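What follows is the residue order along each chain.
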Amino acid sequence: MSSCLEAFSKWFKLKIYQLEVTMSVYIFTPIEKFIFYSVLFLLVSLTFIATFLYLPHHVQFIARRAWFYMHGDTQDSILDVVSNAVTVTKSALLGSEKTVEALGRAADATVGIVREL
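So, how was this worked out
- Residues numbered from 1 in each chain as written.
- Predicted model: local features only at pLDDT ≥ 70, side-chain atom pairs only at ≥ 80, totals over all residues.
- Heavy atoms only, no water.
- Helix = DSSP H or I, 4+ residues; strand = E, 2+ residues; numbered from the N terminus.
- Contact = heavy atoms within 4.5 Å.
- Buried < 20%, exposed > 50% of the residue type's maximum accessible area, 1.4 Å probe, protein only.
- Phe/Tyr/Trp six-rings, centres within 6.5 Å; stacked < 30°, edge-to-face > 60°.
- Axes fitted to C-alpha atoms, helices over the stretch in contact; angles between N-to-C directions.
- Parallel < 35°, antiparallel > 145°, perpendicular 65-115°, else oblique.
- Left-handed = near helix turned anticlockwise from the far one by under 90°.

Draft legend 1. A look at the side chain of Glu20. Secondary-structure assignment places Glu20 in helix H1 (residues 2–22). Apart from residues no more than four positions distant in its own chain, Glu20 is found in contact with Val25, Tyr26, Lys33 and Tyr37.

Here you go:
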């Protein structure tokens, strides 16, 4: 266990050294180093948080878009369901002519709206 911890510590120190040499952090004063590492920590933290918050939603959106492109629009099945619901509603509410006519117009308008979608 201690050898793994020592190996990780050595690797981490090497990465810090590479960062300091590559970005010339080793020539900064202690306050400049603190500011540099604070900004670096802030950017890395915000990137990490944004990845965990927004990446799953984005992947889900892309997957749904790919599903839509591969399998097409399911609007026809939605239109069938709405038409069946209109038919059942018309047959269930046969009590009054005016109500049936009003519901028929509303149902036809609903079917038209669904077709436009």
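Once the structure has been displayed, the description carries forward.
Draft legend 2. Molecular detail of unusual backbone geometry. The backbone phi angle of Ser24 is positive, close to 60°, even though this residue is not glycine. Mapped onto the elements of the fold, Ser24 is located in the loop between H1 and helix H2 (30–71). Overall, the relative accessible area of 29% leaves Ser24 in the partly exposed class.

Draft legend 3. Structural context of the packing of aromatic side chains. Enumeration according to the criterion identifies 6 aromatic pairs in this entry. Aromatic pair Phe8 and Phe12: ring centres 6.2 Å apart, planes at 20°, arrangement stacked. Here Phe8 and its partner Phe12 are both found in helix H1, 4 residues apart, which amounts to about one turn of the helix. Looking at Phe8, the relative accessible area reads 48%, which means it is partly exposed. Residue classification places Phe12 among the partly exposed residues on the basis of a relative accessible area of 43%. Arranged with centres 4.7 Å apart and planes meeting at 65°, the rings of Phe48 and Phe52 form a pair that is edge-to-face. A residue pair is termed a helical-turn pair when its members lie 3 or 4 positions apart in one helix, as Phe48 and Phe52 do in helix H2 at 4 residues. The residues Phe48 and Phe52 share a single accessibility class, namely exposed. One aromatic cluster is present, formed by Phe8, Trp11 and Phe12 through successive ring pairs.

Draft legend 4. How the structure looks around the packing of H1 against H2. Running from amino to carboxyl end, H1 crosses H2 at an angle of 110°, the nearest separation of the two axes being 13 Å. One element, H1, and the other, H2, form an angle in the roughly perpendicular class. Crossing of H1 over H2 shows right-handed handedness. Only Lys33, Phe36, Tyr37 and Leu40 of H2 make contact with H1, whose side of the interface consists of Ile16, Leu19 and Glu20.

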